[in-house]
Amino acid sequence: VWYHRPVINEELLQSLPNLKIVASAGVGIDHLDLKLLSSYGVKVSNTPFVVSTDTADMGMALLLASARRLVEGHEMAVSPDTEYFPADWLGVEVSGATLGILGMGTIGYKVAERAKAFEMKILYHNRNQRKKEEESAVGAVYCKKIDDLLQQSDFVLLAVTLTPQTHKLIGKRELELMKPTATLINISRGLVVDQDALVEALQNKVIKAAALDVTYPEPLPRDHPLLKLKNVIITPHIGSATKKTRWVMVEEMTESIEAGLAGLPIPREVL
């Protein structure tokens, strides 16, 4: 399964009575009904760990690009209408700024490691607090309440799994808690954010900017208001899109499929 295709529904499962395993690329499994698959005796695997490094890199890339207005800067530099570069065209500082990470799993922690190198102050919220030695290694401070993290952060980065609990985790109320100078970065799933509320917050300067590798749907309709805002960067869900990682993902999927067909324990089985 790649980019949630084909759709694994009851109709498909009924048409494939010999199906033994569904191997899904990436870490997210929100597109799979595990109970339905299990009822048909079908196993599930994914590739959770191979994507983490590249996705963390993408998170930092989006943070830096938004802070330093790289997309706008490129457009200015190559525009045939540009006659001079304005001296008051400024971005915001990254070093010394506060980064709030929602979701401190493998990807979130790797983002923290990178942010530490940029001398950022790191806050995080997670279902479970990390071990003290893990926090100390990256200088991260745990926020039991999301609200505390939102109110203090200059950059809020989403690295959570999409579940019923995280669906539209960031809505109108949460956006209004953020600083008017803050940037929202999403490398998880589009549905973690109430997109209509985000458009309104960006238009009304409730927050400064957003940098999104994920939206809903993907791609957005060509007339969607997010595509018209200067304070938004959108990339086409490319967190894991490097040649090496995609190759390893396919190797891991193949390994799981071969094990599933042979009746052996499945590497990276999703239970």
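What counts and what doesn't
Residues numbered from 1 in each chain as written. Predicted model: local features only at pLDDT ≥ 70, side-chain atom pairs only at ≥ 80, totals over all residues. Heavy atoms only, no water. Helix = DSSP H or I, 4+ residues; strand = E, 2+ residues; numbered from the N terminus. Rg over C-alpha atoms; globule rule 2.2 N^0.38 Å. Buried < 20%, exposed > 50% of the residue type's maximum accessible area, 1.4 Å probe, protein only. Contact = heavy atoms within 4.5 Å. Areas by Shrake-Rupley, 256 points an atom, 1.4 Å probe, with all protein chains shown as cover. Axes fitted to C-alpha atoms, helices over the stretch in contact; angles between N-to-C directions. Parallel < 35°, antiparallel > 145°, perpendicular 65-115°, else oblique. Left-handed = near helix turned anticlockwise from the far one by under 90°. Salt bridge = Lys/Arg side-chain N within 4 Å of Asp/Glu carboxyl O. Phe/Tyr/Trp six-rings, centres within 6.5 Å; stacked < 30°, edge-to-face > 60°. Pairing = 2+ DSSP bridges. Expected span 1.5 Å × (residues − 1). UniProt positions renumbered as here; feature names shortened; annotations may be inferred.

Student: Quick rundown of the overall build of the protein? Include the residues and the values.
Tutor: For the protein, the count of helices and strands is ten helices and nine strands. Whereas a compact globule of 271 residues would reach a radius of gyration of roughly 18 Å, the protein reaches 20 Å, a difference of no more than 12%. By the burial criterion, 46% of the 271 residues in the protein qualify as buried. The contacts of the protein with a sequence gap of at least 6 include a subset with a gap of at least 24, amounting to 62%. Carbon and sulfur atoms make up 55% of the accessible area of the protein, which amounts to about 14,800 Å² in all.

Student: Give me the lowdown on unusual backbone geometry, citing residues and values where you can.
Tutor: In the segment running from R5 into P6, the intervening peptide bond is cis, with an omega of -5 degrees. Mapping P6 onto the fold places it in the segment before α1 (10-15). Looking along the chain, the bond that leaves Y216 and enters P217 is cis, with omega of -5 degrees. Its location among the elements puts P217 in the loop between β8 (209-212) and β9 (232-234). Even without being a glycine, R268 presents a positive backbone phi close to 60 degrees. Position of R268 among the secondary structure elements: in the segment after α10 (243-262). Judged by its relative accessible area of 22%, R268 is partly exposed.

Student: How would you summarise the packing of helix α3 (residues 52-67) against helix α5 (residues 106-117) if you had to cite specific residues and measurements?
Tutor: With their axes 8 Å apart at the nearest point, α3 and α5 run at an angle of 50 degrees to one another. As the angle between them shows, α3 and α5 are arranged oblique. Seen from above, α3 lies across α5 with right-handed handedness. Of the residues in α5, those touching α3 at S52, T53, T55, A56, D57 and M60 are T106, I107, K110, V111, R114 and A115.

Student: Outline the pattern of salt bridges, supporting the account with residue identities and numerical values.
Tutor: On inspection of all chains with the given rule, the structure shows 13 salt bridges. D154 is the salt-bridge partner of K179, the closest N and O atoms lying 2.9 Å from each other. In this pair, K179 sits in the loop between α8 (172-177) and β7 (183-186) while D154 sits in the loop between α7 (146-152) and β6 (155-158), placing the two residues 25 residues apart along the sequence. When its relative accessible area of 19% is taken as the criterion, D154 is described as buried. Each of D147, R173 and E174 takes part in salt bridges that share partners, so that together they form one network.

Student: So, the packing of aromatic side chains: which residues are in play, and what are the values?
Tutor: Inspection of the entire model under this criterion finds one aromatic pair. Ring geometry for Y124 versus Y142: centroids 5.2 Å apart, planes at 55 degrees, classification tilted. Linking Y124 in strand β4 (residues 121-125) with Y142 in strand β5 (residues 140-142), this pair joins segments that are 18 residues apart in sequence. Under the relative-accessibility criterion, Y142 is labelled partly exposed at 22%.

Student: Mind laying out the pairing of β6, listing which residues take part and the relevant values?
Tutor: Both faces of β6 are covered, namely the face carrying F155 and L157 and the face carrying V156 and L158. Strand direction decides the pairing type here: strand β3 (residues 98-102) and β6, joined by four bridges, are parallel. Looking at the pairing, L99 lines up with F155 of β6. Note: β6 against β7, four bridges, orientation parallel. Along β7, the bridge assignment pairs V156 with L184.

Student: Report on α10, specifying residues and quantitative values.
Tutor: End to end, α10 covers 29 Å across 20 residues, agreeing with the expected 28 Å (1.5 Å per residue, within 8%). Looking at the packing, one finds that the buried side of α10 touches β1 (21-23), β2 (43-45) and α3. In the stretch just after α10, G263 is the one whose phi turns positive, near 75 degrees.

Student: Tell me about the UniProt feature "domain: D-isomer specific 2-hydroxyacid dehydrogenase catalytic" (unreviewed entry) in the protein, and please be specific about residues and values.
Tutor: Look at the UniProt record and you will see "domain: D-isomer specific 2-hydroxyacid dehydrogenase catalytic" (unreviewed entry) annotated at residues 2-270. Secondary structure across residues 2-270 comprises 36% helix and 13% strand; the distance between its end C-alpha atoms is 16 Å.

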